[in-house]
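Coordinate inspection notes
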Amino acid sequence: MTRRHTPLAAALALVLASPLAAQEAGWDGEAEVGASALFGARDQSLVTARLDFGHADSTWDIGSTSSFIHGRSADESGESRLTHRGWAVEATADYLPFARVSYFGLAGLESSLQRRIDLRSTGGAGIKYTWIRTESALLDASVAVLAERTAFDPADDGITPDDETAGAGAEAARA
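Let us look at the structure shown here. (Residues numbered from 1 in each chain as written. Predicted model: local features only at pLDDT ≥ 70, side-chain atom pairs only at ≥ 80, totals over all residues. Heavy atoms only, no water.)

1. Topic: the environment of E90
Among the secondary structure elements, E90 is positioned in strand β4 (residues 80-95). Residue contacts for E90: discarding those within four places in its chain leaves G63, S64, T65, A107 and G108. (Helix = DSSP H or I, 4+ residues; strand = E, 2+ residues; numbered from the N terminus. Contact = heavy atoms within 4.5 Å.)

2. A look at the packing of aromatic side chains
By convention here, two paired aromatic rings are described through the distance between centres and the angle between planes. Inspection of the entire model under this criterion finds 2 aromatic pairs. Seen in terms of ring centroids, W60 and Y95 are 4.9 Å apart; in terms of plane orientation they differ by 50°. Their pairing is tilted. Separated by 35 residues along the polypeptide, W60 in strand β3 (residues 60-74) and Y95 in strand β4 bring together distant segments of the chain. Residue classification places W60 among the partly exposed positions, given a relative accessible area of 39%. On the accessibility criterion, Y95 (34% relative accessible area) is partly exposed. (Phe/Tyr/Trp six-rings, centres within 6.5 Å; stacked < 30°, edge-to-face > 60°. Buried < 20%, exposed > 50% of the residue type's maximum accessible area, 1.4 Å probe, protein only.)

3. Regarding the pairing of β3
Examined bridge by bridge, strand β2 (residues 44-56) and β3 share 13 bridges and lie antiparallel to one another. In the strand pairing of β3, S45 is matched with R72. Inspection of the sheet shows β3 paired to β4 by 15 bridges, in the antiparallel sense. Among the inter-strand pairings, S64 is bridged to a residue of β4, identified as A91. The loop that links β3 with its antiparallel partner β4 comprises 5 residues; one of these, G78, has a positive phi angle of about 90°. (Pairing = 2+ DSSP bridges.)

Take a look at the structure:
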């Protein structure tokens, strides 16, 4: 092996030898809430929340994530105004997750004041092939068809309700 291939071989060996977290059957969940308040030249407050849950067994691996953010800030005159507002909901499903060939789907909805998104919807489906699954290594590949539609906030300057975008395409993705 030449000297210039040594770093690539070392990186590949490290990735393949790294232990991967084993998937456990049953329900799993996690919740997180955060808040901050700043007082000074401009008062600011921010609240965030996130909820994740899922269930896995030999037939299905399903999961959902939801998040929320809300923030306010005082302007130069001291009047409070909305600065952050957003939410997102995502769901995934993997049929036969431990089989050599498995099928998956995903869907999501999102809204964001900062990014001026009134509503974004996404969805897709795909197939995954697993070559190697051991306690210490996983090698798989998947192909998916994904679609997205975004409606921008019509109250935003320069954007009319006709300025919606929609797209679809094929993309390699790992579920």
